[in-house]
Amino acid sequence: VWLAVQTLADRIITEWAQRYVEKQVLYDKERVLQPLLREIVLARQLASSPILLEWLQSPGDIVLEYRGLRELERYRDAFRNGNYFLAVAENGHYYYNNAENEFGADQLRYILNRREPSDRWFYEFLSQNRDLIINVNPDVHLGVTKMWIDIMVRGPDGRPLGVAGTGINLSGFLNDIVDTGEEGITSLFVNHEGAIQLYRDQSMIDFASYTKDAGESSDLGRMLGARDQARLKLVMEQVQKTPNEVMSRFVEIDGKRYLAGLAYLPDVDWYEITLMDLDQLLPLSRFNTILLVFAVSLLLAILIFQLVLGRWVVEPLSVLDKAIRAFRHGEYRGEPLDVHASGEVGRLVNEFEQMTREVYEARANLEEKVRERTEALNQLSLTDALTGLLNRRGMDQKIMEELKRCEREHRALGLVWIDLDYFKDINDIYGHGAGDDALVLVSKVLRSVLREYDSAARWGGDEFLIMLRDAEPQMLKSICERLLRVVRAQVLESASGAKICMTFSIGACLAHRADPEEALHRADAALYAAKEAGRNRYRIDGDSANHPPTRIRPRPVDSDLH
Ligand SMILES: Nc1nc2c(ncn2[C@@H]2O[C@H](COP(=O)(O)OP(=O)(O)OP(=O)(O)O)[C@@H](O)[C@H]2O)c(=O)[nH]1
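Keep in mind that this is a model prediction, so the values were computed, not measured. (Residues numbered from 1 in each chain as written. Predicted model: local features only at pLDDT ≥ 70, side-chain atom pairs only at ≥ 80, totals over all residues. Heavy atoms only, no water.)

Q: So, the overall build of the chain: which residues are in play, and what are the values?
A: The helix and strand inventory of the chain stands at 14 helices and 19 strands. By residue count, 46% of the 562 residues in the chain fall in the buried class. Sequence-distant contacts, at least 24 apart, represent 59% of the contacts inside the chain between residues at least 6 apart. Only carbon and sulfur atoms are counted for the fraction: they give 52% of the accessible area of the chain, which is about 29500 Å². (Helix = DSSP H or I, 4+ residues; strand = E, 2+ residues; numbered from the N terminus. Buried < 20%, exposed > 50% of the residue type's maximum accessible area, 1.4 Å probe, protein only. Contact = heavy atoms within 4.5 Å. Areas by Shrake-Rupley, 256 points an atom, 1.4 Å probe, with all protein chains shown as cover.)

Q: Summarise the environment of Phe125; cite the residues concerned and give the values.
A: Topologically, Phe125 is positioned in helix 4 (residues 120-127). Distance in space between the C-alpha atoms of Phe125 and Asp150 is 8.8 Å, their sequence separation being 25 residues.

Q: Describe in detail the site of the ligand, supporting the description with residues and values.
A: Around the ligand, the surrounding shell holds 16 residues, and the nearest of these are Lys424, Asn427, Asp436, Arg458 and Arg535. Note that an oxygen atom of the ligand is positioned 2.8 Å from one of the side-chain N or O atoms of Arg535. Alone, the ligand offers 660 Å² of accessible surface; in the complex the protein occludes 66% of this. Elements that contribute at least two residues to the shell around the ligand include exactly strand 12 (413-420), helix 11 (423-430) and helix 12 (432-449). (Near = heavy atom within 4 Å. Polar contact = N/O pair within 3.5 Å; in protein donor to acceptor, adjacent residues only side chain to side chain.)

Q: Lay out the pairing of strand 13 (residues 455-460) with the relevant residues and their values.
A: Each regular strand shows side chains that alternate between the opposite faces of the sheet. Most of strand 13 sits out of view: five of its six residues are buried. Sheet analysis places strand 13 next to strand 14 (residues 463-468), joined by five bridges and oriented antiparallel. Of the residues in strand 14, the one forming a bridge with Gly460 is Glu463. Hairpin connection from strand 13 to strand 14: two residues lie between these consecutive antiparallel strands, with Gly461 at a positive phi of about 55 degrees. (Pairing = 2+ DSSP bridges.)

Q: I'd like to hear about the UniProt feature "transmembrane region" (unreviewed entry) in the chain, residue by residue, with values.
A: The feature "transmembrane region" (unreviewed entry), as given by UniProt, occupies residues 290-314 in the numbering adopted here. In this annotation, residues 290-314 is assigned 100% helix and 0% strand; the end-to-end C-alpha distance for the span is 33 Å. (UniProt positions renumbered as here; feature names shortened; annotations may be inferred.)

Q: Explain the sheet that holds strand 7 (residues 185-190) residue by residue, including any values.
A: In spatial order, the strands read 8-7-11-10-9; together these five strands make up an open sheet with antiparallel pairing. For this open sheet the edge positions go to strand 8 (196-199) and strand 9 (247-253), each flanked by a neighbour on one side alone. Recorded for the sheet is a direction-independent mean angle of 30 degrees between the axes of neighbouring strands. Relative to strand 8, strand 7 runs antiparallel, the two being bridged by three bridges. Bridge assignment links Phe189 to a residue of strand 8, and that residue is Leu198. Across the face of the sheet, helix 6 (residues 226-241) comes into contact with strand 7, strand 9, strand 10 (256-265) and strand 11 (270-277) while running at roughly 160 degrees to strand 9. (Axes fitted to C-alpha atoms, helices over the stretch in contact; angles between N-to-C directions.)

Q: Would you mind going over a nonpolar patch on the surface in detail, with residue names and values included?
A: A grouping of Leu292, Val296, Leu300, Leu303, Ile304, Val308 and Trp312 is seen on the molecular surface, where their side chains present a nonpolar patch of about 640 Å² in accessible area. Among the structural elements, Val296 can be located in helix 8 (residues 288-328). The class for Val296 is partly exposed, based on a relative accessible area of 44%. (Patch = residues over 30% accessible without salt bridge, like charges linked within 9 Å, V, L, I, M, F, W, Y side chains within 5 Å. Salt bridge = Lys/Arg side-chain N within 4 Å of Asp/Glu carboxyl O.)

Q: Report on helix 2 (residues 50-57), specifying residues and quantitative values.
A: Within helix 2 the residues assigned to the buried category are Leu52, Leu53, Trp55 and Leu56. All buried residues of helix 2 project into a common sector of 165 degrees when viewed along the axis, lining one side. (Arc of directions from axis to C-beta.)

Q: Account for the side chain of Ser49, naming residues and giving values.
A: Residue position: Ser49 is located in the loop between helix 1 (2-47) and helix 2. Classification of Ser49 as buried rests on a relative accessible area of 2%. Looking at Ser49, its side chain comes within polar contact range of the side chain of Glu71, at 2.8 Å.

Q: Before we move on, could you go through the sheet that holds strand 4 (residues 132-139) and cite the residues and values that matter?
A: If you trace the six strands from one edge of the open sheet to the other, you get 3-2-1-6-5-4, paired in antiparallel fashion. In the strand order of this sheet, the two ends are held by strand 3 (108-111) and strand 4, each with one partner. This sheet shows a mean twist of 25 degrees between the axes of neighbouring strands, independent of strand direction. Across four bridges, strand 1 (residues 84-88) lies against strand 2 (residues 93-97) in antiparallel orientation. When the bridges of strand 2 are listed, Ala87 appears paired with Tyr94. Set on the sheet, helix 2 makes contact with strand 1, strand 2, strand 5 (144-154) and strand 6 (160-169); between it and strand 6 the angle comes to about 125 degrees. Against the sheet, helix 3 (residues 62-76) makes contact with strand 1 and strand 2, and its axis sits at roughly 150 degrees relative to strand 1, the strand it touches most.

Q: So what about the packing of helix 2 against helix 3? Which residues, and what values?
A: Between two packed helices, what matters for the description is the angle formed by their axes and the separation of those axes. For the pair helix 2 and helix 3, the least separation of the axes is 9 Å and the interaxial angle reads 145 degrees. Regarding helix 2 and helix 3, the two cross each other, and that crossing is left-handed. Mapping the contact onto sequence places Ile51, Leu52, Glu54 and Trp55 in helix 2 and Leu64, Glu65, Arg67, Gly68, Leu69, Glu71 and Leu72 in helix 3. Considered class by class, the residues forming the contact of helix 2 with helix 3 number six nonpolar, one polar and four charged. (Left-handed = near helix turned anticlockwise from the far one by under 90°. Nonpolar A, V, L, I, M, F, W, Y, C, P; charged D, E, K, R; others polar.)

Q: Run through the nonpolar core, naming residues and quoting values.
A: Counting 62 residues, the largest nonpolar core has Leu36, Met147 and Met223 as its most contacted members. A total of eight residues in this core trace back to one element, the largest contributor, which is helix 1. When residues of this core are assigned to domains, at least three fall in each of domain 1 (28-36 + 179-282) and domain 2 (48-168). Not counting residues within four places of it along the chain, the set of residues in contact with Met147 comprises Leu36, Ile134, Asn135, Val136, Thr166, Gly167, Ile168, Leu170, Phe173, Leu198 and Trp270. (Core = buried A, V, L, I, M, F, W, Y, C linked by side-chain atoms within 4.5 Å. Domains from an automatic or database assignment.)

In structure tokens, the structure reads:
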């Protein structure tokens, strides 16, 4: 984050600096150009003065010289630093006077010499086809370093007659105008070759550069590396084509990065370069507090976001996850979960609670139904489908339970075997349906005779078994008699409308021990005895009473089957 913010800050600074340097270049350009232009205009006026032109065409004429010098003196006060010069081509006379009017009595200071290196500027200028040169040069004769505004004085035929102009005090100009004193901003002016013309460090200025050969100049090469210099040269070519435009490039000077803004000054044929030291002007370290505040705010925001996320999203989801696992193990039944959740997560939690409750309700319903079905199935497995009485399995269980209880409580259980007499005949004569109806009728007879706590079962075929709780001989006897009586009174109607009477034989016994086989065997033996004795009667195990056998076959009422 720190790196990203720093990069961002760096980019902002660079962008800002580029705009700033462009404005600064225009400002510097105008600041330097205005005073220079003023001097140039004045110098041009001087150079085109008819008095001067007349004199320079006849430089030996004393009257014309006198008038010419008066003209020069007139201009002296107008110039910025109160001085003027005039160099005459024909005789090499060099006239000069300064603000102090030091040479008011003798303006002719010396005679220029073609062979003198310090006078080379003059002869060089005469040989060039130019009208203006701004020459920054120490004058060895006068002992001053000035920025000379040299204007060519031409005769009506265009022939160079001399050079007139003024000198601007370099140190003053540099201090007042070139050197803004602003920290981190440096302005310098160079010519086409990159030779430095104006710079606050005078030692870097390339004095009288236009008189030098290529390679002799003190140019940008002394400040910049070859790569930066080549790049700036390219930019110089570009801005020369578009004089109102400013361009900027990064350059390195003494290992430091500067932003250089460039503009072309067509009036003086120079380039203005403004160097901006970004580290000094707007060090990145100034952003550190902002960056720190930004980073801390970001961290805080992340922290708060995490806390909120944790409390409102992560925590509820983890509770939900636990509940899902508990639900899978059947330990959660849709009770409200203790979570702080709203929005989507809250809705998810509510949906889950509701879904769980519904699943549990459905499961409970299902379990209830299964329990009911199982019970019904059990019932079915213990019940005879035709008569609804207990079947053999059901009765077996009951006898077992009751016999144990009887043995425990020293009571007797009455077991009564019933077998329909000549049932086969009912089937054969009246059909199987009539046989079934007969069996159902018997079951009704048994139910009507028995007490609430006694049990009756269809043992199989036409055999029934009755179990009587707390039985004793007399009671056993009376029940047997009652059974016989009731069944005899029944009339069964067949499908064909025939009325059928029935009888059955009974074998009964009293059981005291928990031995069902033994008891059933005794009852069965008694039944056998009843059948043997002629049917339609009962026999009780151990009962000595003799019942006369009566053989009655099932017959239609009022018919004589046997
Ligand atoms: N309709 C009908 N007949 C059955 C059913 N189960 C057995 N039977 C018939 O019942 C008859 C039983 O006959 P038995 O008890 O052997 O002989 P019985 O004719 O009753 O003669 P006794 O018992 O000696 O009086 C057989 O004909 C079986 O086919 C049933 O569920 N419905």
